[in-house]
Amino acid sequence: MRLKAFLLIVFYEVCSTLGQVAFKKSARKFSAAPLGTARDYLAFLRRIIVMPGIWWGIIITAVGTVSWLVALAHVDLSLAMPLNSAHYLIVLLASYVLLRERMDRMRVMGTVLVVAGIALVAFS
Amino acid sequence: MKPATPALNVQQFGLILFIDLLESVAEVCFKSATTATGITNVTLANFNTFALRLLGIPMLWIGVVCFLVILCLWLTVLAKVDLSVAFPLGNAVYLIIPLLAIVVLHEHMSALRWIGTVFVLIGGYCVSISAQHSSG
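Structure report, in brief. (Residues numbered from 1 in each chain as written. Chains lettered and ligands numbered in written order. Predicted model: local features only at pLDDT ≥ 70, side-chain atom pairs only at ≥ 80, totals over all residues. Heavy atoms only, no water.)

Some remarks on the overall build of chain B
Helix and strand counts for chain B stand at six helices and zero strands. Helices (α) and strands (β) of chain B occur, in sequence order from the N terminus, as α-α-α-α-α-α. For chain B, the proportion of its 136 residues judged to be buried stands at 44%. Of the contacts made within chain B by residues no fewer than 6 positions apart, 71% connect residues no fewer than 24 positions apart. In the structure as shown, chain B presents an accessible area of about 7,100 Å², 75% of it carried by carbon and sulfur atoms. (Helix = DSSP H or I, 4+ residues; strand = E, 2+ residues; numbered from the N terminus. Buried < 20%, exposed > 50% of the residue type's maximum accessible area, 1.4 Å probe, protein only. Contact = heavy atoms within 4.5 Å. Areas by Shrake-Rupley, 256 points an atom, 1.4 Å probe, with all protein chains shown as cover.)

A word on the packing of aromatic side chains
For the coordinates displayed, the defined rule picks out five aromatic pairs over all chains. With a centroid separation of 4.8 Å and 25° between ring planes, the pair formed by Tyr12 of chain A and Trp68 of chain A is classed as stacked. Taken together, the residues Tyr12 of chain A in helix α1 (residues 2–28) and Trp68 of chain A in helix α3 (residues 52–74) connect sequence positions 56 residues apart. Classification of Trp68 of chain A as buried rests on a relative accessible area of 2%. Where Phe47 of chain B meets Phe50 of chain B, the ring centres are 6.4 Å apart and the plane angle is 45°; that geometry is what we call tilted. Residue Phe47 of chain B and its partner Phe50 of chain B are both found in helix α2 (residues 47–55); the two are separated by three residues, about one turn of the helix. Of the residues examined, Phe50 of chain B reaches a relative accessible area of 2% and is grouped as buried. (Phe/Tyr/Trp six-rings, centres within 6.5 Å; stacked < 30°, edge-to-face > 60°.)

Side note on the nonpolar core
Within the largest apolar cluster, 42 residues are counted, with the highest numbers of intra-cluster contacts made by Phe44 and Ile48 of chain A together with Trp74, Val77 and Leu83 of chain B. Secondary-structure elements contributing two or more residues to this core are α1, α2 (38–48), α5 (86–97) and α6 (105–123) of chain A together with α1 (10–36), α3 (58–78), α4 (83–89) and α6 (111–129) of chain B. With seven residues, α3 of chain B is the single largest residue contributor to this core. Excluding residues that lie within four positions of it along the chain, Phe44 of chain A makes contacts with Phe30 and Leu35 of chain A together with Leu75, Thr76 and Ala79 of chain B. (Core = buried A, V, L, I, M, F, W, Y, C linked by side-chain atoms within 4.5 Å.)

Description of the layout of surface pockets
Taken as a whole, the largest pocket spans an internal volume of roughly 990 Å³. In terms of lining, the largest pocket is formed by 38 residues, of which the most central are Thr61, Ala62 and Thr65 of chain A together with Phe30 and Phe67 of chain B. Mapped by element, the contributors of at least two residues to the lining of the largest pocket are α1 and α3 of chain A together with α1, α2 and α3 of chain B. Among the elements that make up the lining of the largest pocket, the one with the highest residue count is α3 of chain A (nine residues). (1 Å grid on protein atoms, 1.4 Å probe; cavity = no way out; pocket = protein on both sides within 12 Å on 5 of 7 lines; lining within 4 Å. Points joined across faces, edges and corners; volume = space filled by probe spheres on them.)

Re a nonpolar patch on the surface
Residues and elements named next belong to chain A. Taken together, the side chains of Leu3, Phe6, Leu7, Val10, Val14, Leu18, Leu83, Leu93, Tyr96, Val97 and Leu98 make up a nonpolar region of the molecular surface, amounting to roughly 980 Å² of accessible area. Listed by contribution, the elements that provide at least two residues to the nonpolar patch are α1 and α5. Broken down by element, the nonpolar patch gets its largest block of residues, six residues, from α1. You can see Leu7 is positioned in helix α1. Take Leu7: its relative accessible area is 51%, and that puts it in the exposed class. (Patch = residues over 30% accessible without salt bridge, like charges linked within 9 Å, V, L, I, M, F, W, Y side chains within 5 Å. Salt bridge = Lys/Arg side-chain N within 4 Å of Asp/Glu carboxyl O.)

Concerning the interface of chain B and chain A
Often, the extent of an interface is quoted as the loss of accessible area upon association of its parts. Residue-level contacts link 54 residues of chain B with 56 residues of chain A. In total, chain B and chain A occlude about 4,600 Å² of area from one another, counting both sides; carbon and sulfur atoms represent 69% of this. The largest contributions to the chain B side of the interface with chain A come from Leu75, Leu83 and Phe87 of chain B, which together make up 14% of the buried area. At the boundary of chain B and chain A, one finds one salt bridge. Put simply, Asp82 of chain B and Arg107 of chain A hold a salt bridge, and the shortest N to O gap is 2.8 Å. Across the chain B-chain A interface, the total number found is nine residue pairs in polar contact (both at pLDDT 80 or more). The set of elements that each furnish at least two residues to the side of chain B that touches chain A consists of α1, α2, α3, α4, α5 (93–105) and α6 of chain B. (Buried area = accessible area lost by both parts, 1.4 Å probe. Polar contact = N/O pair within 3.5 Å; in protein donor to acceptor, adjacent residues only side chain to side chain.)

Structure (structure tokens):
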């Protein structure tokens, strides 16, 4: 039962990461758009919501979310959340490999601290 | 040497925190909806029953609406901020809320939990001051 929940959560993490990569790839195309007023935000949303990448991201994330919901039916949120801390490392890796974001030492160290902190809180 | 631009400004950080809060609400809705199905062991055999009951629970839909709002806000954040910066800050609220419970409600917190919380806060700070990378 624990193993099944664990696998479901890992599957969710991978799906969710790929969804985030799809979102970022689409949003990146509008990185120069001004975002100050409510009107700017609405104009941005109108342009981005028609991009196929967004819909792929939504579908992949939805598939992952079903897996997450099934996992939550097996185990408590307080157990599922700490397992989720691995998520940060997967996203960091995906940002580097798939999105070619720059990794300076500060960013990697910060992410590792966040993961360690969540693990500590989870197991205290 | 040109000083590095921080990866995040105050407005973006505020948006991420708001998304965090909304996500906590959505997670609680989802957990409460799955509990309300009365099914604790989902298998292939009872998956249909589970899904059908789930769809009839209002809490699920409140969670779904929260997620739609989160998606819109999140896309506006991603337009400007690296994923590897925005994402680690995305769940800091799970630690900020317990911290508030301790400070405001005087709840007990173990030393280990304090250390963990400090780790997350320092980690989030490191990520947010890491240099901006505008790849366009």
